[in-house]
Amino acid sequence: MAGKFRDIPKIPELRRRLLFTAGLLAIYRIGVFITVPGVDRGSMSEMMSGDGGGLLGLVNLFTGGALEMMSIFALGIMPYISSSIIFQLMQVVVPAIERLKKEGESGRKKITQYTRYGTVVLGIIQGFGISLYLENMHNSNPELGLLVSPGWPFRLLTVLTLTAGTVFVMWLGEQITERGIGNGISLIITGAIIASFPTALFQTYTQYTTGAMSTFTVGILLVVAIGVTAFIVLMETAQRRIPLQYAKRMVGRKIYGGQAHHLPLKVNMAGVIPPIFAMSLLIFPTTIASYFQDHPIGQFIQTVLVPGDWRYNLIYVVLIIFFCYFYTAVQVNPMDIADNLKKSNAFVPGIRPGKKTAEYIDQLLTRLTTAGAIYVAAVCVLPYFLIDELGVNFYFGGTSLLILVVVGLDTVGQIENHLITRHYEGFGARPGSAEGSSRIKGRTLDEPENI
């Protein structure tokens, strides 16, 4: 594989896309260190240091430490993801949005524009919630000197700054998707997670040197990390291959068709979207509850939605399973696949073309999605058991490792597509073999693009 990477500089377009992506990610990381006006960064970091395993620690992980420094990017990309969830759900229940989806490219652009408007609205709501939260923390611990001058001017400035930061991050993600290597939103989240890892490793090393964590615990942690990574790679590359047979047909004096192929279906068709969507939905009600901290309902929501609490874990798992089924159903239509196979004179041996083929594919998708949903949910709740049992004070493994591995595999696939398109051998092909230039390994039909 190392030899294949040497082919990348030989393709000017691919080289430009990679440099463009790296440049925008660097801009994002620079913006993380710009603090919201009126907030003391040192006091904010001191306040966050005691919440490594709480909800703020979780948000801080997926913003690359932006919340800890109260950066202009403290909201990260979560409002955009929440807005995407809302409009994807509306495509199912609102006829007008559903009609827009069926209009093709023009309809997709309108839905994207509405998603951007929704991002601004959610950014304003969450930004106002953070401003109230900061004022409450300032009033509870005035000795920290968290805020310079609390009040409505600070609230409005915070809302404006955080909303503008979210819109800018959204724009960066869209630019990476269109002009970079692709999957801009996923790469931004991945970059934020990677940026948080050195600090997490240093904390673990400090715990080990001070005796707070034993050698046995560190060994278990390392084994679990390797095992979970290998398990994720195995499940993400696992496929159910449906055998296909093409009917023979005569064109002139030649007979075409008769070849045997297969239709690959991934076990996890939804990728990392379900845990990201579930996390966004769990963060949003907590933000709303911060407006009503003195009300019993607001206090109950903030008590229940605490990472590690069994009620939070249960809701998190249910949402992950729901979004696995929902996103697979939205992205993969068995009837469309059956119609496409019928038009290309392909059929599944032993299954009648048309409706029977669609039912057969739907049955397989249901079984695969069930296995994929259980796998994703199990991987994502792993960190909470590590925090409780091993005393790890950061979100090791789980959702973060899932995102890193899946986005890494997809990014390699994007690079491989460029290499193969320009007659270079792919990462998975042997030198001189025809396999690297004939097809893209590991890609599946109707595979959804990850966020």
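In the block above lies the structure referred to throughout.
Because the structure is predicted, anything quoted here is derived from the model rather than measured. (Residues numbered from 1 in each chain as written. Predicted model: local features only at pLDDT ≥ 70, side-chain atom pairs only at ≥ 80, totals over all residues. Heavy atoms only, no water.)

Enquirer: When you look at the overall build of the chain in this model, what are you seeing that I'm missing?
Expert: Broken down by element type, the chain carries 17 helices and 5 strands. In the chain, the proportion of contacts linking residues at least 24 apart, taken out of those at least 6 apart, comes to 71%. Roughly 21700 Å² of accessible area belongs to the chain as shown, and the carbon and sulfur atoms make up 64% of that amount. (Helix = DSSP H or I, 4+ residues; strand = E, 2+ residues; numbered from the N terminus. Contact = heavy atoms within 4.5 Å. Areas by Shrake-Rupley, 256 points an atom, 1.4 Å probe, with all protein chains shown as cover.)

Enquirer: Is there a simple way to think about the packing of helix α9 (residues 184-209) against helix α16 (residues 398-421) in this case?
Expert: Between two packed helices, the angle of one axis relative to the other and the distance separating the axes together describe the packing. As a packed pair, α9 and α16 sit with axes 10 Å apart at the nearest point and diverge in direction by 125 degrees. Comparing their axes, α16 and α9 come out oblique. Handedness of the crossing formed by α9 with α16: left-handed. Along the contact surface, α9 presents Ser186, Leu187, Ile189, Thr190, Ile193, Ile194 and Phe197, while α16 presents Ser400, Ile403, Leu404, Val407 and Thr411. (Axes fitted to C-alpha atoms, helices over the stretch in contact; angles between N-to-C directions. Parallel < 35°, antiparallel > 145°, perpendicular 65-115°, else oblique. Left-handed = near helix turned anticlockwise from the far one by under 90°.)

Enquirer: Please clarify how the environment of Ile337 should be interpreted in this entry.
Expert: The residue Ile337 is located in helix α14 (residues 334-343) in this model. You can call Ile337 buried: its relative accessible area is 3%. Note: C-alpha distance between Ile337 and Ala358 (21 residues apart in sequence) is 7.3 Å. (Buried < 20%, exposed > 50% of the residue type's maximum accessible area, 1.4 Å probe, protein only.)

Enquirer: Please explain the packing of helix α2 (residues 12-32) against helix α8 (residues 152-179) as it appears in this structure.
Expert: Orientation of α2 relative to α8, taken along the N-to-C sense of each, is 170 degrees, at an axis distance of 9 Å. On the basis of their axis angle, the class for α2 and α8 is roughly antiparallel. Residues Arg17, Phe20, Thr21, Leu24, Leu25, Ile27 and Tyr28 of α2 lie in contact with α8, whose contacting residues are Phe168, Val169, Leu172, Gln175, Ile176, Glu178 and Arg179. Here the residues of the contact of α2 with α8 sort into 9 nonpolar, 2 polar and 3 charged. (Nonpolar A, V, L, I, M, F, W, Y, C, P; charged D, E, K, R; others polar.)

Enquirer: Whenever I open this one, the pairing of strand β1 (residues 239-246) confuses me. Can you help?
Expert: Two faces belong to every sheet, and in a regular strand the side chains alternate between them. When β1 meets strand β4 (residues 260-266), the two strands line up antiparallel, connected through 7 bridges. Counted as the bridge partner of Gln245 is Ala260 from β4. As paired strands, β1 and strand β5 (residues 346-347) are joined by 2 bridges and run antiparallel to one another. When the bridges of β5 are listed, Gln245 appears paired with Phe347. (Pairing = 2+ DSSP bridges.)

Enquirer: Honestly, a nonpolar patch on the surface in this entry has me stumped. Any pointers?
Expert: A surface patch of nonpolar side chains, about 270 Å² in accessible area, is lined by Ile27, Phe168 and Trp171. Considering the arrangement of structural elements, one finds Ile27 in helix α2. Of the residues examined, Ile27 reaches a relative accessible area of 39% and is grouped as partly exposed. (Patch = residues over 30% accessible without salt bridge, like charges linked within 9 Å, V, L, I, M, F, W, Y side chains within 5 Å. Salt bridge = Lys/Arg side-chain N within 4 Å of Asp/Glu carboxyl O.)

Enquirer: Please clarify how the sheet that holds β1 should be interpreted in this entry.
Expert: Strands pair in a sheet through their backbones, by hydrogen bonds, and they do so in one of two ways: parallel or antiparallel. The strand order β4-β1-β5 describes an open sheet built from 3 strands, whose pairing is antiparallel. One side of each edge strand has no neighbouring strand; the edge strands of this open sheet are β4 and β5.

Enquirer: Can you walk me through the pattern of salt bridges in this structure?
Expert: When charged atoms on two side chains of opposite charge get close, those side chains can pair. Summed over all chains, the structure comprises 5 salt bridges. Here Lys266 and Glu236 are joined by a salt bridge, their closest N and O atoms 3.8 Å apart. Remark: Glu236 occurs in helix α10 (residues 215-237) and Lys266 occurs in strand β4; sequence separation between them is 30 residues. Residue classification places Glu236 among the buried positions, given a relative accessible area of 5%.

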